[in-house]
Amino acid sequence: MEASVINENLLALSNLKQSIESKKAKLAVIGLGYVGLPVACMFSDAGFDVLGVEIIQERVNKINQGISPIEGKEPGLAELLAKVVNNNKLKATTQYDALTTRDVILIDVETPVDENNIPRYEALRSALNSLAPHLKQHALVIVESTIAPGTMREVVQPILEEKSGKRVNIDFFLGNCPERVMPGKLLSNLCSLSRVVGGNTPQTAETMISLYQHIVQADLDPTDCVTAEIVKTAENAYRDVQIAFANELALICQALDSDVWRVRELVNKSPGRNVHLPGAGVGGHCIPKDPWLLAYGVKDKHVPLHLIPVARHINDHMPIEVAKLLKHALATCKKNLQGSRILVLGYAYLENSDDDRNSPTKTLVDYLQKENAEVIVHDPFISQYKGHVIHLAENAHAVVLMVAHSEYLTIDLERLRTALRLPIFIDGRGVFAHHPLDEEEWIYRCLGKGNNE
Ligand code: SAJ
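Residues numbered from 1 in each chain as written. Predicted model: local features only at pLDDT ≥ 70, side-chain atom pairs only at ≥ 80, totals over all residues. Heavy atoms only, no water.

## Re the overall build of the protein
To keep things clear, this is the line we draw: Strands here mean DSSP runs of E at least two residues long; helices mean DSSP runs of H or I at least four residues long; both are numbered from the N terminus. Categorising residues by exposure relies on relative accessible area from a 1.4 Å probe, with only protein chains included: less than 20% of the type maximum marks a residue as buried, more than 50% marks it as exposed, and the intermediate range marks it as partly exposed. Working rule for contacts: check all heavy atoms of both residues, and any pair within 4.5 Å makes them a contact. Only four residue types enter the charge count: Lys and Arg as positive, Asp and Glu as negative, with His and the chain ends excluded. By convention, the point assigned to a charge is CZ for Arg, NZ for Lys, CD for Glu and CG for Asp.
Across its full length, the protein carries 16 helices and 13 strands. Dimensions along the principal axes, computed over C-alpha positions, put the protein at roughly 85 × 50 × 40 Å. For the protein, with 453 residues in total, the buried portion stands at 54%. Taking the intrachain contacts of the protein between residues at least 6 apart in sequence as the baseline, contacts between residues at least 24 apart amount to 74%. Here the protein holds 46 positive side-chain charges and 56 negative ones, and the gap between their average locations is 1 Å.

In structure tokens:
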């Protein structure tokens, strides 16, 4: 590239950086979901003019009325949204042509994997194809969605260049800054968790840091795009493998008539150990998906991946391990799954959350129904499963706890046992592991604890 072109680009980037530092830069966020909306609100609250682009008209209408479309408890989000909309710092639209005035565009759309664990980039491609024709000269595009390593180079850059006729690092700038948010802590996470800032060039990363400094009070670590893609998917693949180890250890302890809940406590006294919590499965929008995105990044590189896929298999299979405990407990009462009535406690993927994405309970319910059991589901946070646990337990042959919602920790066990036809309690999260139900009164089976035969 000629020196004059390089200087022109550096000047353009420097001008953009100054406009960001002075908050004159106009921002846009594409995708106003559980990540995009808090991000848009925080940059608006920091003083930027932010345009939100969202394909769901109803969501746009709600946001422009200052009403949060996000269900569940997100401390501070509803109030912040109302504030920034009322002071005209945030506006939402379904129209992409409004992006022609935007200096920085953040992309926060979903990036799921399909049943074959292949990334589905329809939403990402659609956002890029819609943005490109309206891309402003010298604009900065930042993908915040979690993507497989190589996606910036193989998908994002080609679409933007081909559909806009512009060249990266000359006519527009590109980066990847993966979000690190958890449901229930969206706003606090966005400002308190460090961010990996992947720029297509080091200067781009620097400019990105000048943007995120306005909302992030933690480390902003500059790097390149592929490193940023790897870090985000690896941090969740790492957690998945950790959980899989805890689950395999639970099955070992069951077989040896030991107690994984005690074993893990003692193992974790050893320096540098941190055996995670065994459980009835791994759900949510991140952990089940991100390991497959990481694996996809090396799909053509002949890297022999074993640990990541097998950890996913172990974790996906845990609801069936819980079903086995149920089967064995029913058998001690000469009852089969077929024709039994089972009360399942918890459908959300996480305790005290209403989020049911990739719910492990769904796997359990499907399995039990295939075995011709009658299944009743309760969940205090999910509208179609709300109800009174004791009433729902009437005439059930067993209770299976799948999610450690606080409500279940204080359940009236005496009334529960009276309501049940058989005193069977399967504890899929070790909620009562340290205070097992009275053996005289209950057939209590806990994941990871022996004597389950
Ligand atoms: N789970 C276990 N055992 C554990 C931890 C979790 O079985 O020891 C299960 C949970 O029950 C749930 C699933 O795994 O079904 C996921 O739980 P999670 O605590 O990982 O919660 P997530 O899915 O909200 O993960 C998010 C991720 N954050 C981001 O992607 C920014 C993850 O990287 C965080 O580590 C995690 O929150 C967290 O630390 O809370």
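## Notes on the site of the ligand
So the rule is basically this: Residue proximity to a molecule or strand is established when one non-hydrogen atom of the residue lies within 4 Å of it. Between N or O atoms, a polar contact is any pair within 3.5 Å; within protein, one atom must be a potential hydrogen donor and the other a potential acceptor, and residues adjacent in sequence are included only when both atoms are from side chains. Here a cavity is any set of points on a 1 Å grid over the protein atoms alone where a 1.4 Å probe fits but cannot get out, and a pocket is any open set with protein on both sides within 12 Å along at least 5 of 7 lines; a residue lines the site when it has an atom within 4 Å of a point. Cavities and pockets are treated as containing a molecule whenever more than half of the molecule's atoms lie within 2 Å of their grid points. Classification used: nonpolar for Ala, Val, Leu, Ile, Met, Phe, Trp, Tyr, Cys and Pro, charged for Asp, Glu, Lys and Arg, polar for all others including Gly. The domain boundaries here were taken from an automatic or database domain assignment.
Not every one of the 19 residues close to the ligand is listed here, only the nearest: Lys232, Asn236, Arg239, Leu277 and Tyr349. Asn236 has a polar side-chain atom sitting 2.5 Å from an oxygen atom of the ligand. Side-chain polar atom of Arg429 to an oxygen atom of the ligand: 3.3 Å apart, as the coordinates give it. When atoms are counted within 2 Å of each cavity's grid points, the one that captures over half of the ligand is the second largest pocket. Its residues assigned to classes, the shell around the ligand shows ten nonpolar, five polar and four charged. Three or more residues apiece are contributed to the shell around the ligand by two domains, here domain 1 (3-218) and domain 2 (224-453).

## Digging into the sheet that holds strand S11 (residues 398-401)
The following threshold applies: When DSSP finds two or more bridges between two strands, those strands count as paired. In this description, a line fitted to the C-alpha atoms serves as the axis of each element, helices being fitted only across the stretch in contact, and the angle between N-to-C directions of two axes falls anywhere from 0 to 180 degrees.
Spatial strand order, S10-S9-S11-S12-S13: five strands in an open sheet with parallel pairing. Each edge of the open sheet carries a strand with a single partner, namely strand S10 (374-378) and strand S13 (443-446). Across the sheet, the mean angle separating the axes of adjacent strands is 20 degrees when strand polarity is ignored. Pairing of strand S9 (residues 341-345) with S10 involves five bridges; the strand directions are parallel.

## A word on the environment of Val282
Residue position: Val282 is located in the loop between helix H10 (260-267) and helix H11 (290-296). C-alpha of Val282 to C-alpha of Val344: the two residues are 62 residues apart in sequence and 17 Å apart in space. In contact with Val282, not counting residues within four places along its chain, are Asp240, Ile243, Ile287, Pro288, Arg312, Asn315, Asn358 and Pro360.

It is worth stressing that arrangement in space is one thing and function is another; only the former is reported here.
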